[in-house]
Amino acid sequence: MPMPRLPRRFFRSLTAAIVLAGALFAAPDFALADKLHLKDGRVIDCTVVRETDAFVQVKLSVGGIETVKIFQKSEVTSVVKDTPASPAAPESPKTDPRPDAKPDPAAAGQPAGDKPALAADKPAATGDKGNNRAEKIAERAKRLDGGASRVAILNFGAPLSWHDEIADTVGIQVNAAAWKEAVKLLDKDNVDTVVVRINSGGGLLLELSRFNSLFENVYKKKYRTVAWIESAISAAAMAPYVLEEFYFMPHGSLGACTGFSGALKNVEGVGLQMVLLQMEEASALGRRSPAIMRSMQIQAALSATIDPDTGEVTWFQDKSGEYQLNPPDQIFTFTANDAVKFKFARAIAANKEELVAAMGLKEVVWAGVEATRFIDENMRATDRTEKRWQIEFREFQLYFGLAGQTQDPTDRGKFVGKALAALREMKRMFATNANFGLMNNIDDEWFENNERELKKLLRKDK
Amino acid sequence: MKTTRFSLVNACANVARGCRPVLAAVALCAAGALPALAQSTPAAPIKDSAAAPRKVILILKDGRRVEGEVISETDAAIKLRVVIAGIKGENEYNKSDIKEMKSADAPTTDAPKTDKPKTDKPAIKPADAPKDAPKPDAPNTGDQPDSSPKSGDAPELGGLVEEQAATWGDQKWRIETRAVPSEADGPKVYMIYMGGEFGRDVSFTPMREVVRDIKKYEPDVVVCFFDTDFVRHGNEMEAFQNDASSFDQLEIAGGIASLLPTRNSPAGEWTKKPRLVSWVRKAMGGAAFLPFIAPEMYYTPDANHGGIGNLEHKLDGVGDERAREKQYSLRQARGEGLCELGGHEKKIMRAMARTDYVLSVKFVDGEPVWYERMPSNADEILLTDDGKEKNADFGVDVLRGKGNDTLVLDASMALRLGLSRGTAENLDDLMDRMGLSRNYVLIKGRGHQILREWAKKIDDAEKQITRLQRNLREVRVKAPGDYNARSRARGERKTLLNKMKAIFTQYKESLNPERLGGAENNLMRIEIQLQTIEAEQLADKRER
């Protein structure tokens, strides 16, 4: 039976992508004083962020860009630390990674100073460092523009109003490379506030770290960046999770972040631990309790208590809270009313006017039109390319097969020519977005091998 | 006269069904539409009609909330004219059983009607309507349009709409109205009849056209009447069944929701944003999601709403449990999102969707208080149990619609839960409940026609595809069978394939995948076949 659109979209989280994924949260300054000795002989200068029985997470510089990578312990010979306490990424909540573990309820309710991940649950903590920075940026821009905020809305996935015009896969249509490019256009128009309007059913886990890093290190530093949720499912919830300010549309939903591949096969083992860890860090940067995202990723109970006097929300990774949000055997997804009630989101906004009012903006200039258009066009173009990719891939397979079967050298030449043309077209597309290859397990090596094979076929007749 | 003829049909239909003939006649004569029938009707059970009856809301000590018109009142008791599950009647309540009595303070409906002269004209002219009177049934959202009488568009409007009635089949009596085009000048009402199979006959593309049509008229109210068949891909289902695959139609519901005047409609999309009303008769399976998007919901007395249960078994046997739970969670949340869009309690949607969800309710001052557990006190009512072991519904219960593993709403429960604002058997009833009873105008739109035309196009498209597939199979290389003949045959096949491709592309949202295979899969197969033909052509050679 054909797969209807909704479920098919969710079959796209690939294990391969997870293995490639690594957090990319760059700290402003760090010394690469530790050394990681790998079994392949390499010695990597790095800063060890975390070490567990299964993996070592390190911060290192790749081509001058600060990057966080995870190495499985099986790859590592030894870890030599220069200092016992390297300046690390934001402290992650100490949650037992076992799916069936019973986390410490008290830990989930620690004050903001002890547990940054919980800070956003407390109204008093929401206006701290991150927001002050954003507010300063917004203030500066307001001065330039006679007091009005310059707000751009960028579509993270095609809004519902596009009516299925294109697909909305994170990593394909919604890709971090385009969002990085859009920064120039936002700056060109003196944008001070960016609304990330999310409507996507998820995508490749590979893309999470790219988006997390881009939002944390670029967008949050430059603009007041808020997420406006229409539907943020799976990777579409995880990618912008480092943002601190969330708003929901009235029918909005966010969650269901379980990683899987193929016919609903869970991501397990190290792959699961890595993505849990990654989202713990994203929770910390987004100033949210890690318990929330964990219940979205694995079957874990989630409850909360709202202090009647202060309105402060305390989260529990079990059923001990006053309000039961997720039973222990289910996966959690927020809807709008609860998101606001439990201070996960700041407000519900049905349209952009309501949104800016909820954001407290008195005067607004809708700006960044070029950036908005660029992102929209990129999604459309990528969608066309994705469809074209499948056609070229089939064309390649067809003519490659015919070239191998035919006994006629002239025909073989024609078929090889067709196969090569398809291969080159695919290669061109692959260069624009390597994630296309993940759909068919294609990488650089695959291109090299097949080019070699086609040349061999041609030589056969000489 | 058109007016009379349709009213007569209405009355006859009511009598024929044995449905409250007296009251139906009262409604008709009140409108002055059918004097002869009104005169021959036994006296209506309405007294003291010269004065507008007082409407009150009683909050009873057992939690029930009763609204009605006061017939008489003593120190010990109060007698009300009430409507329960669409049936009007009189009930007396001991004052000792009443916790609180509030004034409903609403414009009355039936009583003044009986007082009016019985002419061919509307009983109440627009000027008589209490325009400024508060309407208790109307939502106080602050963004509702002014429902005061509008003028203009006279040629486009009709009190009785023959063309529409014709398309409503055996439900046409529901939309008859007592308003007369030349005189009625009240709020304009656009009705959409959502019948047939949801996702096939009611889908995004025709609904986009319907909404374009609605916008032309700038109505004050858009009523979506849900009377869909409980059918999935042509397979009829029984009212007691659950279709967990309905959740795959959420995107259709979401797409249609994005067209209608909901809370989400961007500023400026509607010149005048109308009130959106859902009126539910049968919304089972995929259609069950859509009524929730309207802030105002009403039900017919024989309504059924649900049939989306067993979500947590939708993917049984596929993959791993955690990944399956993810799929359930995101679907459930999207369904609940549509519920919240209309401002309704999402627990109702959850109880409709999951068998393992336990929901009880009690009524405090007539308002529901929810408990996600089995009842623990006598005043709590179990809506759905966990459906496990001894709680699993038995066959007979299921067949009688008495099961409680998943929630299927009828008119009375929807009303009690506060989801429904009232029970209305026909359009006049509905307008009464909405406080628009006197002078509304039913717009003669093309909505029904558009949906029916679409349904016909889908039927035709499926037949055409079947014919093209047969023709494709029958393409043969004709004599002499040479290169040219082979090329011609390939050309024929390409032409047929391209025709199929065009049809699948145009109608893919509605074509029956069980009859034809999924449209996307078909499109992919066609592409592969076209590519293969190209390759064959490339490999072929002229004879020497």
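See above for the structure.
Only a predicted model underlies this, so the values are computations on that prediction, with no experimental measurement involved. (Residues numbered from 1 in each chain as written. Chains lettered and ligands numbered in written order. Predicted model: local features only at pLDDT ≥ 70, side-chain atom pairs only at ≥ 80, totals over all residues.)

Chemist: Could you give me a rundown of the sheet that holds strand 6 (residues 188–197) of chain B, with the residues and numbers involved?
Modeler: All names here are of chain B. In spatial order, the strands read 11-10-7-6-15; together these five strands make up an open sheet with parallel pairing. Strand pairing shows two members of the sheet lacking a second neighbour, strand 11 (296–306) and strand 15 (441–442), which therefore form its edges. Pairing of strand 7 (residues 221–229) with strand 10 (residues 275–284), which is carried by seven bridges, proceeds in the parallel orientation. In the sheet register, V223 faces strand 10, and the bridge partner there is V277. (Pairing = 2+ DSSP bridges. Helix = DSSP H or I, 4+ residues; strand = E, 2+ residues; numbered from the N terminus.)

Chemist: Can you break down the packing of helix 13 (residues 447–474) of chain B against helix 14 (residues 483–507) of chain B residue by residue, with the values?
Modeler: Residue and element names in this part refer to chain B. Closest axis-to-axis distance for the helix 13/helix 14 pair is 10 Å, and the angle between their directions is 160 degrees. Between helix 13 and helix 14, the angle falls in the class roughly antiparallel. As for the relative orientation of helix 13 and helix 14, their crossing is left-handed in sense. Listed contacts from helix 14 to K457, I458, A461, Q464, I465, L468, N471 and L472 of helix 13 are R493, L496, L497, K499, M500, I503 and Y507. Across the contact of helix 13 with helix 14, the residue classes tally to ten nonpolar, two polar and three charged. (Axes fitted to C-alpha atoms, helices over the stretch in contact; angles between N-to-C directions. Parallel < 35°, antiparallel > 145°, perpendicular 65-115°, else oblique. Left-handed = near helix turned anticlockwise from the far one by under 90°. Contact = placed C-beta atoms within 7 Å. Nonpolar A, V, L, I, M, F, W, Y, C, P; charged D, E, K, R; others polar.)

Chemist: I'd like to hear about the interface of chain B and chain A, residue by residue, with values.
Modeler: Each partner contributes to the interface: chain B provides 44 residues, whereas chain A provides 45 residues. Those elements that provide at least two residues to the side of chain B that touches chain A are helix 7 (250–259), helix 8 (321–341) and helix 16 (519–539) of chain B. Among the elements that line the side of chain B that touches chain A, the one with the most residues is helix 8 of chain B, at 15 residues. In the side of chain B that touches chain A, the residues fall into 16 nonpolar, 13 polar and 15 charged.

Chemist: How would you summarise the environment of K73 of chain A if you had to cite specific residues and measurements?
Modeler: Residues and elements named next belong to chain A. Looking at where K73 falls in the secondary structure, it is placed in the loop between strand 4 (65–72) and strand 5 (76–80). With 18 residues separating them in the primary sequence, K73 and F55 have C-alpha atoms 4.7 Å apart. Excluding anything up to four places from it in sequence, K73 contacts D53, A54, F55 and V56.

Chemist: Could you give me a rundown of helix 14 (residues 444–460) of chain A, with the residues and numbers involved?
Modeler: If you check helix 14 of chain A, its first and last C-alpha atoms are 25 Å apart, about what 17 residues at 1.5 Å a residue would give, namely 24 Å. Burial runs low along helix 14 of chain A: only one of the 17 residues are buried. (Expected span 1.5 Å × (residues − 1). Buried ≥ 20, exposed ≤ 12 C-beta atoms within 10 Å, placed from the backbone.)

Chemist: Give me the lowdown on the nonpolar core, citing residues and values where you can.
Modeler: A152, V196, W228 and I229 of chain A are the most contacted members of the largest nonpolar core, which has 102 residues in total. Top contributing element to this core by residue count: helix 7 (residues 269–285) of chain A, with eight residues. Contact partners of V196 of chain A, with chain neighbours within four places excluded, come to L154, F156, T225, V226, A227, W228, P240 and L243 of chain A. In terms of nonpolar packing, the next biggest core, distinct from the first, is built from 94 residues, V189, F247, L383 and L436 of chain B among them. (Core = buried A, V, L, I, M, F, W, Y, C linked by C-beta atoms within 7 Å.)

Chemist: I'd like a rundown of the packing of helix 14 of chain B against helix 16 of chain B, residues and numbers included.
Modeler: Two numbers describe a pair of packed helices, the interaxial angle and the distance between the axes. All names here are of chain B. Two elements in contact, helix 14 and helix 16, have axes whose closest approach is 10 Å; the angle formed by their N-to-C orientations is 160 degrees. Between helix 14 and helix 16, the angle is such that the two are roughly antiparallel. The chirality of how helix 14 crosses helix 16 is left-handed. Residue-level inspection shows S487, R490, R493, K494, L497, M500, K501, F504 and T505 of helix 14 in contact with helix 16, the latter providing A519, N522, L523, I526, Q529, L530, I533, E536 and Q537. Here the contact of helix 14 with helix 16 is composed, by residue class, of eight nonpolar, five polar and five charged.

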